[in-house]
Amino acid sequence: MTAAGIARLAGVGRAAVSNWRRRHPDFPKPVGGTEASPSFALADIEQWLRDQGKLAEVPLRERVWQQIAGHPAGAVTALVHAGCALLLVRERSAAWPSLAELPDERLVEVLPVALEETLGERLGHARPVPTPTSSALAASVPLLRGAAELAAETGVRPAFEFLLGRHLDANPRQYTLTPSGPAALMAALAVGTGTSSATGTSSATGTSAGTGTSAGTGTTTDAGTATSTATGAGAVDEAGGAPVTVLDPACGTGSLLTAVERPGAFCGQDADPDLAALTALRLALATDADIRVRSGDSLRADAFPSLAADAVLCHPPFNERNWGHDELAYDPRFEYGFPARTESELAWVQHALARLRPGGTAVLLMPPAAASRRSGRRIRADLLRRGALRAVVALPAGAAPPYGIPLHLWVLRRPVPGERSPAELLLVDTASEHAGPARDARDRIDWPSVQTAVLEAWTPFDRDGSIAGTPGASRSVPVIELLDDDVDLAPARHLPPPAAAEGAAQLAGVRERLTETLRRTRELTPPPVTDPATAGGGPVGRPTTTVGELARAGALALRAGGAGTTPAASPVAVLTDHDVLAAQPPSGTLPDGPPEEPVLLAAGDVVVPVLGGGAAVRVVDASAEGAALGRNLQLLRPDPAALDPWFLAGFLRATANNRQASSYASTATRLDVRRLQLPRLPLAEQRRFGARFKALAEFEEELRQASRLGDQLVQGLYDGLADGTVAP
């Protein structure tokens, strides 16, 4: 474990860990890592913290997570072992207490038998989760006991979700994840639409060799086949009928499948056996549905060759050259045309269609290039002609990795034999549902608004086959208009521009507001010198202190942002680093997950971004009070009897102060807030400085407002002159 892990385990800051290493000769020696980032043995650290009396108050979930992170067989193996134990607790809650009373040596002897029975009953014999052996479990006994204790506190599903989420957060480059926002939207499109008049009411039976039986009840037999009979596209049809079967052929960690409510059966496959195992356990702990998850490449080695699912959800790998182009030329799944080597996404589209029952719905997350690349135009044309492609939705940039581009959703429906192909395609563009640079986009997307906008267009289109549309947002386009030489399906290229946002009268109002703001700015412009005694002189020497010294003296409290999850009862807005830089209200949201208390802002707090090297500070007012502190932000909470917040904020913004407190890595500049300096002044003198700093902040805000209004006026005039709503 690293120094950061030790700090989290002990509930302290990383600086405290550095102090322990310097001050305590008996502190454990590193066992790996580098001189700059050493790693330590978990058992040694736990023993030292226990001897020092620093481990007693560590939250149970942190202790369990450190056992996973430091497991000798690796974190994934530890997660699988923990998931197996949690599944045993869930399925055989009466048996676990007697097992937990056994000594460790006896527990590892009898546990594999109980796990084999539980895993076999819940996941079948062809499952991707092998039963751990006694020797493999020997190193996991403390972890299994801790996971069971954690489940007693939070429930089995929240316990596993916390541990899995912590592992994914710790390894962001190792996994391509589908965030909860797009996952919920995809599930709503695929399995939340009920019966569709566009396809009629259909009933189809599909089989999947060796995957169990599901006839709307979730019952299974390993020797049989999977059968699904459902009406429409809903997870449970509008009349309360049979639950549906949902497939994800590239399931990853199972994010898309867990977004589906009340399915009858889950089928999933992933090329990574570890991910397949984690998905199977995640689904088994989250639902009572029939679960059939397999490992393997879905394109080359399809585990469900005869499945006729009611819905398919998929976030396929993008830009894969080695997807099987040389091996699958005569595969019957490619009935809409054999994809070029560079069109792996169109191979996944046709695989999804091939695994649907007639009338079933598939939703795939796609790169925007798939809608317009010339190499895929013939397949796109055939999908349109035969009515298989029903909608293309452009998402805001930052929806899912890769975060820098606006991904698309393709909504497809397997044609019903004998029915006429739909005449129109729905195009939706939601790119306007966030503002700000791409690097901040993932925190700034208003997913409830995105989902509402998409479903408000999709639901009537799915019912009627056509909609009137909204300029700049949605439109149903006749298929014949799209069947040109390019077959370009990018929504932005076919949507009419939004109605001129600024008519002449509105632009006149903007101009008046700009004029008033400029007048206000002139009034607030500070004079260059207020004290003749200091005019023309050099820097004034004052005794100084640092933020770190003030924190140790109790004059202020320091808190780091980024922790916390969404409370179930009352969602909390998040102040992001972009909000601080742009001086705007909190715009972020907390992630989903087990309850974890965020750092909440109070009036008078001072917030400082720690990345980027810029001088930006914010004093919290009513617009941000009660919000959570976002990642890459540091909170300073001054004691009003010792420090004036505006005095503190003003001196923290000084360029020289930021320069001397910054450190430089290869790709970023990081501010060490504890090294920032302030002069030692009486409180009355602090308030005099604070009043001036506050006036400067008001002046700065008026300048920002003038800039925004100026941009709005200029763009409005350009648009008005171009579309004729404003005369030259």
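Residues numbered from 1 in each chain as written. Predicted model: local features only at pLDDT ≥ 70, side-chain atom pairs only at ≥ 80, totals over all residues. Heavy atoms only, no water.

An unreviewed UniProt entry annotates the chain as N-6 DNA methylase of Streptomyces wedmorensis.

Draft legend 1. Looking closely at the overall build of the chain. The helix and strand inventory of the chain stands at 24 helices and 22 strands. Evaluated residue by residue, the chain yields a buried proportion of 49% over its 728 residues. Partitioning the intrachain contacts of the chain with sequence separation of at least 6 by distance along the chain shows that 71% fall at a separation of at least 24. With the model as given, the accessible surface of the chain reaches about 32,900 Å², and the carbon-plus-sulfur share is 52%. (Helix = DSSP H or I, 4+ residues; strand = E, 2+ residues; numbered from the N terminus. Buried < 20%, exposed > 50% of the residue type's maximum accessible area, 1.4 Å probe, protein only. Contact = heavy atoms within 4.5 Å. Areas by Shrake-Rupley, 256 points an atom, 1.4 Å probe, with all protein chains shown as cover.)

Draft legend 2. Inspection of the pattern of salt bridges at higher detail. Scanning all chains against the criterion turns up 36 salt bridges. We note a salt bridge from Arg127 to Glu116, for which the minimum N-O separation is 2.9 Å. Taken together, the residues span a long stretch of sequence, with Arg127 in the loop between helix H7 (104-123) and helix H8 (134-137) and Glu116 in helix H7 at a distance of 11 residues. Of the residues examined, Arg127 reaches a relative accessible area of 14% and is grouped as buried. (Salt bridge = Lys/Arg side-chain N within 4 Å of Asp/Glu carboxyl O.)

Draft legend 3. Looking closely at helix H5 (residues 75-91). For H5, with 17 residues, the first-to-last C-alpha span of 24 Å sits near the 24 Å given by 1.5 Å per residue. Across the 17 residues that make up H5, a large majority, 14, are buried. (Expected span 1.5 Å × (residues − 1).)

Draft legend 4. Looking closely at the pairing of strand S16 (residues 606-609). Of the two faces of S16, the one lined by Val606 and Val608 and the one lined by Val607 and Pro609 are each fully buried. Of the pairings in the sheet, the one linking S16 to strand S17 (residues 618-619) comprises two bridges and is antiparallel in character. Bridged to Val607 within S17 is Arg618. Relative to strand S19 (residues 633-638), S16 runs antiparallel, the two being bridged by four bridges. Bridging from a neighbouring strand, Pro609 pairs with Leu633 of S19. (Pairing = 2+ DSSP bridges.)

Draft legend 5. Representation of the sheet that holds strand S18 (residues 628-629) within the structure. The sheet built from three strands is open, its strands ordered S15-S14-S18 with mixed pairing. Either end of the sheet is taken by a strand with one partner, and the two such strands are strand S15 (588-589) and S18. Two strands pair when backbone bridges link them, and strand S14 (residues 573-575) and S15 are joined in this way by two bridges, in the antiparallel orientation. Bridge pairing links Val574 to Gly588 in S15.

Draft legend 6. Quick peek at the nonpolar core. Counting 92 residues, the largest nonpolar core has Leu111, Val129, Val246, Leu313, Leu395 and Leu409 as its most contacted members. The element that contributes the greatest number of residues to this core is H5, accounting for 12 residues. Residues Trp348, Ala371, Trp410 and Leu489 belong to the second largest nonpolar core, which totals 42 residues. (Core = buried A, V, L, I, M, F, W, Y, C linked by side-chain atoms within 4.5 Å.)

Draft legend 7. Geometry of the packing of helix H19 (residues 504-524) against helix H24 (residues 683-723). Where H19 meets H24, the axes come as close as 9 Å, and the angle between the chain directions of the two elements is 155°. Comparing their axes, H24 and H19 come out roughly antiparallel. Crossing geometry of H19 relative to H24 is assigned as left-handed. For the pair formed by H19 and H24, the contact residues are Leu507, Val510, Arg511, Arg513, Leu514, Thr517, Leu518, Arg520, Thr521 and Leu524 on the first element and Glu698, Phe699, Glu702, Leu703, Gln705, Ala706, Leu709, Gly710, Gln712, Leu713, Gly716 and Leu717 on the second. Counted by class, the contact of H19 with H24 contains 11 nonpolar, six polar and five charged residues. (Axes fitted to C-alpha atoms, helices over the stretch in contact; angles between N-to-C directions. Parallel < 35°, antiparallel > 145°, perpendicular 65-115°, else oblique. Left-handed = near helix turned anticlockwise from the far one by under 90°. Nonpolar A, V, L, I, M, F, W, Y, C, P; charged D, E, K, R; others polar.)

Draft legend 8. Main features of the sheet that holds S19. An order of S13-S19-S16-S17 is seen for the four strands of this open sheet, with the pairing classed as antiparallel. Unpaired on one side and paired on the other, strand S13 (556-560) and S17 mark the two borders of the sheet. Lying on the sheet, helix H22 (residues 645-652) is in contact with S13, S16, S17 and S19; it crosses S16 at an angle near 15°.

Draft legend 9. Looking closely at the state of the cysteines. Tallying each qualifying case throughout the model produces zero disulfides. Between Cys314, a cysteine without a disulfide, and Cys251, which holds the nearest cysteine sulfur, the sulfur-to-sulfur distance is 9.5 Å. Of the residues examined, Cys314 reaches a relative accessible area of 1% and is grouped as buried. (Disulfide = S-S within 2.5 Å.)

Draft legend 10. How the structure looks around the packing of H5 against helix H13 (residues 273-286). Axis separation between H5 and H13 bottoms out at 10 Å; the angle between their running directions is 25°. Between H5 and H13, the angle is such that the two are roughly parallel. With respect to the hand of their crossing, H5 and H13 are arranged in left-handed fashion. From H5, Val76, Leu79, Val80, Gly83, Cys84, Leu86, Leu87 and Arg90 reach across to H13, where they touch Asp274, Ala277, Leu278, Leu281, Ala284 and Leu285. In terms of residue class, the contact of H5 with H13 is built from 11 nonpolar, one polar and two charged.

Draft legend 11. Layout of helix H15 (residues 377-385). Of the residues making up H15, those classed as buried are Ile379, Arg380, Ala381, Asp382, Leu383 and Leu384. Elements in contact with the buried residues of H15: helix H14 (344-354), strand S8 (389-394), strand S9 (408-413), strand S10 (424-429) and helix H18 (479-482). Residue Gly387 follows H15 closely and has a positive phi angle near 75°.

Draft legend 12. View of the packing of aromatic side chains. What the rule picks out here adds up to 12 aromatic pairs. When the centroid spacing of 6.1 Å and the interplanar angle of 80° are considered together, the rings of Trp323 and Phe334 count as edge-to-face. On the criterion of sequence distance, the pair formed by Trp323 in the loop between strand S6 (309-314) and H14 and Phe334 in the loop between S6 and H14 is long-range, its members being 11 residues apart. According to the relative accessible area criterion, Phe334 is buried, its value standing at 9%. Pairing Phe647 with Phe689 gives two aromatic rings, centres 6.5 Å apart and planes at 65°, and the pair type is edge-to-face. Separated by 42 residues along the polypeptide, Phe647 in helix H22 and Phe689 in helix H24 bring together distant segments of the chain. (Phe/Tyr/Trp six-rings, centres within 6.5 Å; stacked < 30°, edge-to-face > 60°.)

Draft legend 13. Fine view of the pairing of strand S3 (residues 245-248). Burial along S3 is two-sided: the face carrying Thr245 and Leu247 and the face carrying Val246 and Asp248 are both buried. Sheet analysis places S3 next to strand S4 (residues 265-270), joined by four bridges and oriented parallel. The residue bridging Asp248 from the neighbouring strand is Gly268, located in S4. Here S3 runs beside S6; their pairing, made up of two bridges, is parallel. Bridging from a neighbouring strand, Val246 pairs with Ala311 of S6.

Draft legend 14. Broad picture of the confidence of the model for the chain. Residues of the chain with pLDDT of at least 70 account for 85%, and the chain-wide mean is 84. Within the model, pLDDT remains below 50 along residues 193-240, and this stretch shows 146 contacts once partners closer than five positions in the same chain are excluded. In this model, residues 435-440 is a region of pLDDT below 50 whose contacts with residues beyond four sequence positions or in other chains number nine contacts. (pLDDT = per-residue confidence, 0-100.)

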